Amino acid sequence: MPAFSAPDGTDLAYHVFGAGTPVICLPGGPMQDSVYLGELGGLSAHRQLIMLDPRGTGQSAIPEDTGSYRCDRQVDDVEALREHLGLDRLDLLGHSAGTNLAVLYAARHPERVGKLALITPSPFGVGITVTAESRLEIARLRKSEPWFADAFAALEAIMAGNVTDNSRQAIDPFYYGRWDAEAQAYQAAQDGHQNLEAAAAFRTEGAFDPEATRAALAAFDAPVLLLAGEVDLNSPPSAVAEFAALFPNAEFVVQPEVGHFPWVDDAGRFAATTATFFE
C-alpha cells in the first residue's frame, strides 16, 4: 500500500487505480475511508485515480493528536500528498463531505489546483444551509416507489429532530436513484468504514470560516465542476447551484435520475461527464 508522511508524522495511505495524469480523490463520510469510491464508475479508464484514506481511516494511521481530524487541519495532508507525488499542480475531486476539504485546499493553495470537481457536494463549509423543506421536496419525487411511505415518514421524523438508528436506516433508499439489490449491497458494504470519533471532530469550532472561504473562491479562477444528483436529498440540486455561483469559472451539472452516489446509479454517464471535465 503506497503511503506518505503527513507534516505531523502521521502515516497516510492511498490507493491507485488506472494510469495517466492523476486526480486526487477525497472521500466523504465525513472521515470514511476511500473504499466506497471504488474506481468511480470507470473514471480510472480515463485518468489515474489517487484515493486518499483520510487520517484515522482505512489503511492510514490514527494521529496522536485527534484534534487534527478537524477539516481545516487536514489541508496540510492534501498538500503533503501533492508534494509526495511530485506534482506542481493537482486535479482534485471531492465527494460529499470531502468536498469541504477540497474547497479549503483550493482556497489556501489556489495556485496548486488545475481543476476541481465537487461531486454531490456538502456545502456547510461555505455557509450554505440545506433546508428541511428542500430535502422533503426532493424526497417527494420518489412517491411512486414501493418503499416511499415508510422512508418518507422516517425522513419527516428526522427533519423534526427525532433521529434514531432505525430512522436513519429507513431513509437509505433516498440516497440512490434506484433501490435495487446492487444499491442495497453497496449501502450495506459501507458499514464500519467511517471513523465516528474523527467524524465528530471534522466540523468542530474553528474548522470553517465561510465568509473568508467565499472570498477566496470568488478569486479562484481554475475550472470547477459541481455535479448534483437529480434525486439526491443529501445535496439537493438547488443547494449545489447556489454553491456553483460562488465560483467565477464553474460548470453546474445535474445528472438525471441519480442520488448521492451517481457512479453507482449510472456509472457510464458519471464517468463520461467527469472524464470530459478533466480532459
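Quick note: structure is the one above.
Residues numbered from 1 in each chain as written. Predicted model: local features only at pLDDT ≥ 70, side-chain atom pairs only at ≥ 80, totals over all residues. Heavy atoms only, no water.

Caption draft 1: Summary view of the pattern of salt bridges. Tallied over the full model, the rule gives 14 salt bridges. We note a salt bridge from Arg 178 to Glu 182, for which the minimum N-O separation is 2.9 Å. The class of Arg 178 is partly exposed, set by a relative accessible area of 28%. Exposure remark for Glu 182: the relative accessible area of 47% places this residue in the partly exposed category. (Salt bridge = Lys/Arg side-chain N within 4 Å of Asp/Glu carboxyl O. Buried < 20%, exposed > 50% of the residue type's maximum accessible area, 1.4 Å probe, protein only.)

Caption draft 2: Structural detail: the packing of aromatic side chains. Inspection of the entire model under this criterion finds 17 aromatic pairs. Centroid distance Tyr 176 to Tyr 186: 6.2 Å. Interplanar angle 80°. Geometry classified as edge-to-face. Of the two residues, Tyr 176 is situated in the loop between helix H5 (165-170) and helix H6 (181-188) and Tyr 186 in helix H6; the sequence distance between them amounts to 10 residues. Of the two residues, Tyr 176 and Tyr 186, neither departs from the other in class, the shared state being buried. A cation over a ring is seen here: Lys 115 above Phe 277, with NZ or CZ 5.5 Å from the ring centre. (Phe/Tyr/Trp six-rings, centres within 6.5 Å; stacked < 30°, edge-to-face > 60°. Helix = DSSP H or I, 4+ residues; strand = E, 2+ residues; numbered from the N terminus. Lys NZ or Arg CZ within 6 Å of the ring centre and 35° of its normal.)

Caption draft 3: The sheet that holds strand S2 (residues 11-17), seen in detail. The strand order across the open sheet formed by eight strands is S1-S2-S4-S3-S5-S6-S7-S8, and the pairing between neighbours is mixed. Each end of this open sheet is capped by a strand with a single partner; those strands are strand S1 (3-5) and strand S8 (250-255). For this sheet, the mean angle separating the axes of adjacent strands, direction not counted, is 25°. Sheet topology note: the strand S3 (residues 22-26)/strand S4 (residues 48-52) ladder contains four bridges and is parallel. Bridging from a neighbouring strand, Val 23 pairs with Leu 49 of S4. (Pairing = 2+ DSSP bridges. Axes fitted to C-alpha atoms, helices over the stretch in contact; angles between N-to-C directions.)

Caption draft 4: Examining helix H11 (residues 267-278) more closely. With 12 residues, H11 extends 16 Å from end C-alpha to end C-alpha; this agrees with the ideal 16 Å at 1.5 Å per step. For H11, the set of buried residues is Phe 270, Ala 271, Thr 274, Ala 275, Phe 277 and Phe 278. In an axial view of H11, the angular spread of the buried residues amounts to 160°, which keeps them on one side of the axis. (Expected span 1.5 Å × (residues − 1). Arc of directions from axis to C-beta.)

Purely geometric numbers; function is a separate question.
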